Each structure stands twice: as structure tokens, then as C-alpha cells.
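Here's the letter readout for the chains.
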Amino acid sequence: GLLRIDHVGVAVADLDAAIEFYARVFGMTCVHIEENPEQGVREAMMRVGPTPEGGCVQLLAPLTPESAIAKFLDRSGPGVQQVAYTVRDVEVAAAALRERGMRLLYDAPRRGTAGSRINFVHPKDAGGVLVELVEPA
Ligand code: MC0
């Protein structure tokens with residue numbers, strides 16, 4: 001099952017400007033920056049509060065015009081793009097959700113932030129929310 005909220009993903013056009021904004025306005029701390037070419041993103045993890053228990057906002061900027069984030073920005077503008085949940089085993093969690101009628105985007109997990117293994121539930125099956133499953137490294 002789902003263990004906790006891992007992060008909330010927010011699509012942004014300019015990653016550096018968004019990092020500065022979340023730090024200055026909300027007092028969040030940038031704890032990780034990574035480029036993920038397979039996902040077409042440059043992303044930053046912004047920790048909420050002083051300890052990891054506070055969770056993270058993940059800022060997502062597009063690497064290419066064809067990427068999922070570029071498409072999202074074109075269609076919807078900046079804003080919440082996904083809600084991600086931590087799971088112990090992404091394949092087990094994906095199988096359980098498939099059994100409940102959800103379409104998973106990938107047959108096999110792909111690589112996410114910091115060596116995690118990830119999959120997604122199609123937003124059309126989850127009430128308009130792109131749901132990500134994250135098995136941390
Ligand atoms: C699209 N739709 C969304 C949505 N994206 N609804 C809610 N949240 C989103 N993020 C809606 C569209 O408005 C459309 O609705 C319908 O879904 C189908 O759209 P589509 O044109 O068929 O599909 P696309 O091309 O927009 O793709 C959507 C899809 C794609 C979710 C399949 O974005 C995708 O593959 N996402 C998974 C990968 C990803 O998001 N990577 C970036 C984060 P209507 O009503 O108009 O039909 S990388 C990441 O998250 C990693 C680094 C990590 O955390 O570790």
C-alpha cells in the first residue's frame with residue numbers, strides 16, 4: 001500500500017526562479033537538484049520544514065519542447081502536475097492498482113529522482129490527478 005505522501009510535483013517554466021521563490025516566500029530548503037533526460041525534466045526537491053518528515057515539493061521544469069512538463073505548461077500553465085506517494089515496492093503497488101482497474105503508464109518501473117523506481121497512474125483513471133508511485137533507492 002501507500003506509505004505517505006512523497007512529494008507534490010509542480011510544473012514551472014524557470015527552475016532557478018522557482019527555487020528562489022519557494023525558498024524566499026515559503027522558507028523551503030532545496031535539498032536535491034537533478035536532470036532526468038528520460039523524463040524530460042530538470043527538477044528540484046524543496047523540503048518543507050526542518051526535517052525530512054515535512055515532505056517535499058518537487059519543482060519540475062521542461063528539458064525539451066516535447067516533454068510531459070512542456071506539454072502540461074502549454075495546456076494548463078504552471079501549477080500542480082502530480083501527487084506522488086512513497087511505496088515499499090513499486091511493482092507490488094502497481095499490480096494492486098492494476099487489479100483495481102487503474103491504467104499504469106509503464107509496464108515496468110522507470111528511474112526517478114535519486115535512483116528511485118517510479119510508475120504513474122493515468123490521470124483520467126484517478127479523478128484528474130496524475131498519481132506517481134515512488135520506491136526510494
Ligand atoms: C495530462 N492530463 C492531465 C495531466 N497531464 N491531467 C492531470 N494531470 C496531469 N499532469 C490530461 C489532459 O489534460 C487530457 O485531458 C488527458 O490527460 C490526456 O491527455 P493526453 O494528451 O492523452 O496525454 P498527454 O500527452 O498530455 O500525457 C499525459 C501523461 C504524460 C500523463 C500520459 O504527462 C505522462 O506520461 N506523464 C508521466 C511522466 C511525467 O509526468 N514526467 C514528468 C515528471 P482531456 O480532458 O483534455 O482529454 S518526472 C518525475 O516526476 C520524476 C523525475 C520523479 O518524480 O522522480
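See above for the structure.
Below is a summary of the structure that appears in this document. Quantities reported herein were computed from a predicted structural model and do not represent experimental measurements.

1. As for the overall build of the protein
Here is step 1 of the chain: Looking only at helices and strands, the protein has three helices and eight strands in total.
Here is step 2 of the chain: Sequence-ordered secondary structure for the protein, helices as α and strands as β, is β-α-β-β-β-α-β-α-β-β-β.
Here is step 3 of the chain: Taking 2.2 N^0.38 as the reference for a compact globule, 137 residues should give roughly 14 Å; the C-alpha atoms of the protein span a radius of gyration of 14 Å, in line with that estimate.
Here is step 4 of the chain: By its C-alpha atoms, the protein is 45 × 35 × 25 Å across when sized along the principal axes.
Here is step 5 of the chain: Counting over 137 residues, the protein shows a buried share of 42%.
Here is step 6 of the chain: Put simply, 53% of the contacts in the protein that link residues at least 6 apart link residues at least 24 apart.
Here is step 7 of the chain: Entry remark: accessible area of the protein is about 7600 Å², with carbon and sulfur atoms responsible for 55%.
Here is step 8 of the chain: Averaging the positions of the 14 positive and the 18 negative side-chain charges in the protein gives two centres separated by 4 Å.

2. Some words on the side chain of Thr 86
Here is step 1 of the chain: Note that Thr 86 resides in strand S5 (residues 79-87).
Here is step 2 of the chain: Residue Thr 86 is classed as buried on the basis of its relative accessible area, which comes to 3%.
Here is step 3 of the chain: Excluding anything up to four places from it in sequence, Thr 86 contacts Gly 1, Leu 2, Leu 3, Arg 4, Ile 5, Asp 6, Val 134 and Pro 136.

Procedures and definitions
Residues numbered from 1 in each chain as written. Predicted model: local features only at pLDDT ≥ 70, side-chain atom pairs only at ≥ 80, totals over all residues. Heavy atoms only, no water. Helix = DSSP H or I, 4+ residues; strand = E, 2+ residues; numbered from the N terminus. Rg over C-alpha atoms; globule rule 2.2 N^0.38 Å. Buried < 20%, exposed > 50% of the residue type's maximum accessible area, 1.4 Å probe, protein only. Contact = heavy atoms within 4.5 Å. Areas by Shrake-Rupley, 256 points an atom, 1.4 Å probe, with all protein chains shown as cover. Lys, Arg positive; Asp, Glu negative; His and termini not counted. Charge placed at Lys NZ, Arg CZ, Asp CG, Glu CD.

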